[in-house]
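Residue-level structural notes
Each chain, letter by letter, is given below.
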Amino acid sequence: MKKILILLLFIPIHFASAQNDSDRIELTDLLKIKNVNSITSSPDGKKAAFTVTSIENDENSSLDYTYRTQIYTWTKDAKNTLKQLTSDKNGASRPAWSPDGKKLAFTRFVKDKTQIFVLDMDGGEATQLTNFKYGANNPKWSPDGNKILFSASISLQELLKDSILNPKKTVPSWNTEKPGFTSNDYLANTKIKANPNGSLAEVRAYLNQNATDKKAIVLNKLNFQSESNLSSEINFNHFFETDAKINSTPKAITTGFYSFSSADYITSGTQILLSGDVDNIENPDRSQESEIFTVATDGSNFKMILGENGKRYSNASVSTSGKWIAFLSGATSFVSIPTLSIMPLNGGPESIQTIPFDRNISNLKWSKDDKFLYFTSQMNGGNVLHRIALSSKKIEALSAADQGISSFDLVADGFLYSKTQVSNPSELYTADSNFKKENKVSTFNNWVLAKKLSYPEKKSFVNELGLTVEYWVMKPTQTTSGEKAPLLLEIHGGPSAMWGPGEESMWHEYQYFCSKGYGVVYSNPRGSGGYGLDFLRANVNDWGKGPASDVLTALDKTVAEGWADQSNLFITGGSYAGYLTAWIISHDNRFKAACAQRGVYDLNTFFGEGNAWRLVPNYFGGYPWEPKVKEILARESPINYVQNITTPFIIFHGANDRRTGFVQAEMMFRSLKVLDRPVEFVVHPGATHEITRNGDNRQRMDQMLRTYEFFQRFLTK
């Protein structure tokens, strides 16, 4: 659950007017940002495919906008030639090269399901390869180029009836937790006629039909909230293989009432490396473990090679030669950092070589000669590219912490990667094999060259726990000599997220407020990711007081620099940061106005209405009915201090936000209205927790503009 808190000091309105409109970052510049991602190199390293996501006018409404992702190629030549490959209105994503580099597979939505298409690189239109009833995603070519591996999501009800995936019409061996039934045999009665006036079995069939037709939602699941709705469905992610020919029938590689998160061919092409959870006893909602397996492409010889109670083994990546695998492992708790390890594919647990690295790791990728393993890791404000020499196990940081490497691959003589930095939100770059001689090869966001930007200054302090807290200060892009500017404090969510100059999602918001005459200060308080396990766990049983002290210290130190107006301080944040915004203004009255987005305000209610409910036991050691935990949750919930809030407060929430839930926002609003405090509540219909990152663009702009307008009401000019 990503959360954000922001404190801003506003600049008087005439500060902004002193700047030329043409070079200011405007609200609608949000619509110009294009994001480069999903970089994948051709087998010879002389070409690469990648995706570009842009925001375009909606065909059905002149006021609305839609996201569209298309595939481009890069060619290693004197001009670093870029070419747009796809343009269909349904977009294209997940590019994958055939082993000979002559074809490119990708996915596209067809009738609300993703299907695999194949494009001949010598020319011609893309051909739809699959028309699978469950959809097809994440295509990967077999080493001989004759087959494609893909994944599909299948519901419990579909799996029960599927004659191929479940020919014996079996039912799950684990307990589906339907009260009154000692076994799952009730699921096997799928052919009984529905009759409300018939036998008990026919009545049950009638009730099941009502649930199927969405006339009732019957909940027996522990995790009964999706991101946007209540959900009674249990879904399983399985992998299939199909011939790389039109009208081929996919064959299941994995089956059963289990889920698998990733799969890839081992070099021989006769085996596949899998990550997932196969538990015959525990319900999938309760089982938090994950294991690593090998399986033959015909589904036989299914074998677990790594697995253990209470641990998650994931992100398995096989080396180019097929000799080694790299993987992550760790406890099932959220408040932990998985360990990176390497082992021979045919070795056992005794052959595991652990590589110490006190940061979260992602995007594991091997060099073609098996000499290096590459990965990215959030640390100190950036997403940093690293490599490990297999011979020495030494880790080397290749990129800087003030940038964010969002996607990368190895190409001939070096790297191709996308990068976020303050000067540009997303572009494509090349570098040599030592990540030197960087060259920008795209111009997707060159419109920023005509804009005046604010560049952050990195600072730090040591808090009372002895932890070094980093923060960044951004001054208004236009100032008037002798006048002080309002200041906005931004706090991130999670609570384990991390912000910095390499963070893509906040680029526009920071620059927008700076262009409006505000200064911005943001920090990574205790509990943030990117600083190691001790720092990550420093807010366990302390979501309020300790993190509040860190972000307010960053604010105080910024004000002490002398350019910010202490009488014009503002604060905002979303998710956990919505929580922390409410906590701060219920304990501190220095702010002229505050904005909380998607927040958590009552931890007891959050436990019931949020699909991120496991944050409660993971951070507070138990459940709301346990006496010790009950006391902690009462102490840590902002709603219990609502009577102290006098700061003008605007609250945002998506009407379909099931990650944090929305009842708490209504509780906070009603409580403040009863207390006759200055409060405004804005609900965005249909919006989920992701509204500010990939939600409806008109709603994204509405939220930012309303925040600015609300702050302006209380700005002392």
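What you see is a predicted model, and the numbers here were worked out from it, not measured in a lab.

Rules used throughout
- Residues numbered from 1 in each chain as written.
- Predicted model: local features only at pLDDT ≥ 70, side-chain atom pairs only at ≥ 80, totals over all residues.
- Heavy atoms only, no water.
- Pairing = 2+ DSSP bridges.
- Helix = DSSP H or I, 4+ residues; strand = E, 2+ residues; numbered from the N terminus.
- Axes fitted to C-alpha atoms, helices over the stretch in contact; angles between N-to-C directions.
- pLDDT = per-residue confidence, 0-100.
- Contact = heavy atoms within 4.5 Å.
- Polar contact = N/O pair within 3.5 Å; in protein donor to acceptor, adjacent residues only side chain to side chain.
- Buried < 20%, exposed > 50% of the residue type's maximum accessible area, 1.4 Å probe, protein only.
- UniProt positions renumbered as here; feature names shortened; annotations may be inferred.
- Disulfide = S-S within 2.5 Å.
- Phe/Tyr/Trp six-rings, centres within 6.5 Å; stacked < 30°, edge-to-face > 60°.
- Lys NZ or Arg CZ within 6 Å of the ring centre and 35° of its normal.
- Core = buried A, V, L, I, M, F, W, Y, C linked by side-chain atoms within 4.5 Å.
- Parallel < 35°, antiparallel > 145°, perpendicular 65-115°, else oblique.
- Nonpolar A, V, L, I, M, F, W, Y, C, P; charged D, E, K, R; others polar.

Here we look at the sheet that holds strand 3 (residues 47–57)
- Overall, antiparallel pairing links the four strands, which are arranged 2-3-4-5 in an open sheet. Both edges of this open sheet fall to strand 2 (35–41) and strand 5 (81–84), since each of them pairs with a single strand only. Neighbour-to-neighbour, the strand axes of this sheet turn through a mean angle of 30°, independent of strand direction.
- Relative to strand 4 (residues 65–75), strand 3 is paired through eleven bridges, and the arrangement is antiparallel.

Considering the confidence of the model for the protein chain
- On average, the protein chain scores 93 in pLDDT, and the residues at 70 or more come to 97%.
- Contacts for the low-pLDDT stretch residues 1–19, under 50 throughout, to residues beyond four places or in other chains number 160 contacts.

Concerning the sheet that holds strand 12 (residues 235–243)
- Across the sheet, which stays open at both edges, the four strands sit in the order 10-11-12-13 with antiparallel pairing between neighbours. The outermost strands of the open sheet, each flanked by one partner alone, are strand 10 (137–141) and strand 13 (251–252).
- As judged from the two bridges shared by strand 12 and strand 13, these two strands associate in the antiparallel manner. The residue of strand 13 that forms the bridge with F240 is A252.

Here's the deal with the environment of D243
- Within the secondary structure layout, D243 lies in strand 12.
- The sequence separation of D243 and F109 amounts to 134 residues, and the corresponding C-alpha distance is 20 Å.
- If we ignore the near neighbours within four places in the chain, the residues touching D243 are L129, N146, K147 and S248.
- Here the side chain of D243 touches K147 through a polar contact of 2.5 Å, side chain to side chain.

Looking at the side chain of T572
- Relative to the elements of secondary structure, T572 occurs in strand 34 (residues 564–574).
- Residue T572 is classed as buried on the basis of its relative accessible area, which comes to 1%.
- From its side chain, T572 meets the backbone oxygen of C595 in a polar contact 3.0 Å long.
- There is a polar contact of 3.0 Å between the side chain of T572 and the side chain of Q597.

As for the UniProt feature "domain: Peptidase S9 prolyl oligopeptidase catalytic" (unreviewed entry) in the protein chain
- Here, the residues flagged by UniProt with the feature "domain: Peptidase S9 prolyl oligopeptidase catalytic" (unreviewed entry) are residues 508–715.
- Strand forms 16% of residues 508–715 and helix 45%; the C-alpha atoms that close the span are 22 Å apart.

Things to note about the state of the cysteines
- The full count for this structure, using the stated rule, is zero disulfides.
- The structure places no disulfide on C514, whose sulfur is separated from the nearest cysteine sulfur, that of C595, by 17 Å.

Thoughts on the packing of aromatic side chains
- Summed over all chains, the structure comprises 47 aromatic pairs.
- Residues W472 and Y522 carry aromatic rings whose centres are separated by 5.4 Å and whose planes lie at 10° to one another, so their mutual orientation is stacked. In this pair, W472 sits in strand 31 (residues 468–474) while Y522 sits in strand 33 (residues 519–523), placing the two residues 50 residues apart along the sequence. Like W472, the residue Y522 is buried in the burial classification.
- By the ring-pair criterion, three or more aromatic residues cluster together here, those being F372, Y374, F415, Y417, Y429 and F435.
- Sitting over the ring of F372, R387 keeps its end group 4.9 Å from the ring centre.
- In this structure, K419 is placed above the aromatic ring of Y429, and the distance from its NZ or CZ to the ring centre is 4.5 Å.

Topic: the pairing of strand 15 (residues 271–277)
- Of all seven residues that make up strand 15, six are buried, and the element is covered over most of its length.
- Relative to strand 15, strand 14 (residues 259–265) is paired through six bridges, and the arrangement is antiparallel. If you follow D264 over to strand 15, its bridge partner there is L273.
- Counting the residues between successive antiparallel strands, the hairpin from strand 14 to strand 15 contains five residues, one of them, G269, with a positive phi of roughly 85°.

Notes on the nonpolar core
- Ranked by size, the top nonpolar core spans 95 residues in total, and within it F513, L555, I584, F649, M668 and F711 carry the most contacts.
- Take this core: its biggest share by element is eight residues, from helix 7 (residues 576–585).
- Contacts of M668, omitting those with residues within four sequence positions, involve A582, Y601, P638, I639, V642, I645, F649 and I651.
- Within the second largest apolar cluster, 23 residues are counted, among which are F132, F150, A152 and W174.

Examining the side chain of H653
- Mapped onto the elements, H653 comes out in strand 36 (residues 649–654).
- Under the relative-accessibility criterion, H653 is labelled buried at 2%.
- A distance of 3.5 Å separates polar atoms of two side chains, one belonging to H653 and the other to D657.

Examining the packing of helix 6 (residues 545–559) against helix 7
- Running from N to C, helix 6 and helix 7 cross one another at 85°; their axes reach a closest spacing of 10 Å. With respect to each other, helix 6 and helix 7 are oriented roughly perpendicular. Note on element contacts: helix 7 touches helix 6 through Y576, L580, W583 and I584, opposite K545, P547, A548, V551 and L552.
- For the contact of helix 6 with helix 7, the per-class residue count stands at eight nonpolar, no polar and one charged.

What about the pairing of strand 19 (residues 324–331)?
- Buried residues dominate strand 19, accounting for seven of its eight residues.
- Both strand 18 (residues 311–318) and strand 19 contribute to a ladder of six bridges, which runs antiparallel. Paired with Y313 across the strands is S329, a residue of strand 19.
- The loop that links strand 18 with its antiparallel partner strand 19 comprises five residues; one of these, G322, has a positive phi angle of about 85°.

Remarks on the environment of N220
- Looking at where N220 falls in the secondary structure, it is placed in the loop between helix 3 (200–212) and strand 12.
- Residue class for N220 comes out partly exposed when judged on its relative accessible area of 25%.
- With 42 residues separating them in the primary sequence, N220 and K178 have C-alpha atoms 5.9 Å apart.
- Setting aside its immediate chain neighbours within four residues, N220 contacts T176, E177, K178 and P179.

Observations regarding the environment of L82
- Note that L82 resides in strand 5.
- Sequence separation between L82 and C514 is 432 residues, and the spatial gap between their C-alpha atoms is 33 Å.
- Here L82 is in contact with F50, T73, W74, L428, V441, S442 and F444, once residues within four sequence places are set aside.

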